[in-house]
Amino acid sequence: MTATPLVVLSVAGTDSGGAAGLAADLATFAALGVHGTCAVTAVTAQDTTGVHGVVPMGAGDVRAQIRAVFDDLPVAAAKTGMLGSAEVAHVVADLLAGSLPLVVDPVLVATSGAVLGDAALVRAYREVLLPRADVVTPNRDEAAALTGLPRDTDPEELALTVHALGPAVVLTGGEPGSGTCRDLVVRDGVVTVLEHPAVATANDHGTGCTYSAALAVHLARGLDLEAAARRAQAFVAEALAVSAPWVLGCGRGPVAHVFTQPLKEN
Ligand SMILES: Nc1ncnc2c1ncn2[C@@H]1O[C@H](COP(=O)(O)OP(=O)(O)O)[C@@H](O)[C@H]1O
Ligand SMILES: Cc1ncc(COP(=O)(O)O)c(N)n1
């Protein structure tokens, strides 16, 4: 008897500390039971304290990796994380947009403050990639960078302004100080608020990458955006609860993708 697993692609940078980027994406794919494939856009020297160096891949190298995966494997959905340059954003738009569910996590700045994208990349997101993506998952800082609006703009206005660039939006609201996380889902001009209790933790490095990877898996499984967003939110909360007690590194520790118990909702 034969079987074909669901295949999902991540186009992202590496994190040597194993928390964010491709480390988060491939671990999330494995935890959710799909076969993960990848195209590396940049190699970062990174740990819990920050990003210490970035070696970008050329756009041609990224194109070759995506082509290799596509020529051989039945990719059901894709996500992008750190793209690093406008040229790579153009390659992604060229090869991926329109052919399968595409989730764009518009990584521009790491939680540690390191800049992972420049003004040309912001322009490429706005003008080339977002108009052709299905879903974009900015946090507030990324939404502000994409729209030019101040970060403290009303979240609904921020989300709708990103939506006007083309794709459906999940504006992620990981601001756990209040005890509650609020994600805003916008599809066809309609805003839905998804609220859930915040997990108290300092180990949140890789949270946004994990979220967008889980969202891509659930879209690949055919869930609608709101259902997929609920599942992805639940997965991140579970992963954060696992790593909350961890003492690992001198900075912000990783969100866990290692589950010793069966997953509850996913
Ligand atoms: N402390 C937390 N507890 C539970 N969920 C969280 C927490 N922090 C973030 N999340 C969730 O993780 C997802 C990614 O959000 P966010 O932290 O905004 O991403 P980013 O890492 O890009 O800033 C969202 O669904 C958000 O609600
Ligand atoms: C390679 C890579 N991709 C993405 C992020 C953003 O993740 P975070 O916001 O948790 O720092 C990162 N730090 N490194």
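Residues numbered from 1 in each chain as written. Chains lettered and ligands numbered in written order. Predicted model: local features only at pLDDT ≥ 70, side-chain atom pairs only at ≥ 80, totals over all residues.

J.: Explanation requested: the site of ligand 2 in the structure shown.
T.: Surveying the vicinity of ligand 2 reveals 18 residues, the closest of which are Gly 13, Ala 20, Gly 21, Ala 110 and Thr 111. Looking at the shell around ligand 2, the elements that each hand over two or more residues are β1 (7-15), β2 (35-47) and α7 (207-220). Take the shell around ligand 2: its biggest share by element is 4 residues, from β1. For the shell around ligand 2, a count of residues per class yields 6 nonpolar, 11 polar and 1 charged. (Near = placed C-beta within 6 Å. Helix = DSSP H or I, 4+ residues; strand = E, 2+ residues; numbered from the N terminus. Nonpolar A, V, L, I, M, F, W, Y, C, P; charged D, E, K, R; others polar.)

J.: For this particular structure, what's the right way to read helix α5 (residues 140-147)?
T.: One turn of an α-helix holds 3.6 residues; hence residues three or four places apart share an orientation. Extensive coverage of α5 is indicated by the burial of 6 of its 8 residues. Along α5, the residues classified as buried are Arg 140, Glu 142, Ala 143, Ala 145, Leu 146 and Thr 147. At its buried positions, α5 is contacted by α4 (119-129), α6 (155-163) and β7 (168-171). Note on α5: the residue one or two positions beyond its end, Gly 148, has a positive phi of about 80°. (Buried ≥ 20, exposed ≤ 12 C-beta atoms within 10 Å, placed from the backbone. Contact = placed C-beta atoms within 7 Å.)

J.: Got a minute to help me understand unusual backbone geometry in this structure?
T.: Residues other than glycine predominantly adopt negative phi, and peptide bonds predominantly adopt the trans conformation. A positive phi angle, near 50°, is found at Asp 188, a position not held by glycine. On the secondary structure map, Asp 188 appears in the loop between β8 (180-187) and β9 (190-197). Asp 188 sits in the exposed class, given 6 other C-beta atoms within 10 Å.

J.: So what exactly am I meant to see when it comes to the packing of α7 against helix α8 (residues 225-243) here?
T.: In helix packing, the relevant descriptors are the interaxial angle and the interaxial distance, both defined with respect to the helix axes. As a packed pair, α7 and α8 sit with axes 8 Å apart at the nearest point and diverge in direction by 140°. For the element pair α7 / α8, the angle class is oblique. Judged by the twist between their axes, the crossing of α7 over α8 is right-handed. Two secondary-structure elements touch here, α7 through Thr 207, Thr 210, Tyr 211, Ala 214, Leu 215, His 218 and Leu 219 and α8 through Ala 228, Ala 229, Arg 231, Ala 232, Phe 235, Val 236, Ala 239 and Leu 240. For the contact of α7 with α8, the per-class residue count stands at 11 nonpolar, 3 polar and 1 charged. (Axes fitted to C-alpha atoms, helices over the stretch in contact; angles between N-to-C directions. Parallel < 35°, antiparallel > 145°, perpendicular 65-115°, else oblique. Left-handed = near helix turned anticlockwise from the far one by under 90°.)

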